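Coordinate inspection notes
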Amino acid sequence: MDPFTLGAGFGFGALLVGIIFAVVCSSFAKEKGRSGSWWGLWGFLTTFIALIALVLLPRRSVTA
């Protein structure tokens, strides 16, 4: 088994990209008043698609 690809056709590069997108999506979500953990998970699982959706969403207004 190749240690770089873990024998699955994707490697640490794909995992690293997923983690980077999770952090970026989480920080964008917190700026827009949305759940950082959920958007971080979506960013990890769907990478670029979640980031586009999050950027297009309007800022959530906080009413107290």
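Residues numbered from 1 in each chain as written. Predicted model: local features only at pLDDT ≥ 70, side-chain atom pairs only at ≥ 80, totals over all residues. Heavy atoms only, no water.

Comments concerning the side chain of S26
This is how the line gets drawn: Helix and strand labels come from DSSP, where a helix needs a run of H or I of at least four residues and a strand needs a run of E of at least two; each type is numbered from the N terminus. For every residue, the accessible area (1.4 Å probe, protein chains only) is compared with the maximum for its type, and the residue is labelled buried under 20%, exposed over 50%, or partly exposed between those bounds. Any pair of residues with heavy atoms lying within 4.5 Å of one another is described as a contacting pair.
Checked against the element boundaries, S26 lands in helix 1 (residues 12-31). Given a relative accessible area of 16%, S26 falls into the buried group. When residues no more than four places from it in sequence are discounted, the contact partners of S26 are G36 and G40.

Examining the packing of helix 1 against helix 3 (residues 48-56)
The condition is simple: Between N-to-C directions, angles cover 0 to 180 degrees, with each direction set by a line fitted to C-alpha atoms, over the stretch in contact for helices. The cut-offs work like this: below 35 degrees is roughly parallel, past 145 is roughly antiparallel, 65 to 115 is roughly perpendicular, and the gaps in between are oblique. Crossings are sorted by hand: turned counterclockwise from the far helix by less than a right angle, the near helix makes the crossing left-handed, and turned clockwise it makes it right-handed. Residues were grouped as follows: Ala, Val, Leu, Ile, Met, Phe, Trp, Tyr, Cys and Pro as nonpolar; Asp, Glu, Lys and Arg as charged; and all remaining residues, including Gly, as polar.
Helix 3 packs onto helix 1 with a crossing angle of 10° between their chain directions and a minimal axis gap of 10 Å. With respect to each other, helix 1 and helix 3 are oriented roughly parallel. By crossing handedness, the relation of helix 1 to helix 3 is classed as left-handed. Only F48, A50, L51 and L54 of helix 3 make contact with helix 1, whose side of the interface consists of F21, V24, C25, F28 and A29. Its residues assigned to classes, the contact of helix 1 with helix 3 comprises nine nonpolar, no polar and no charged.

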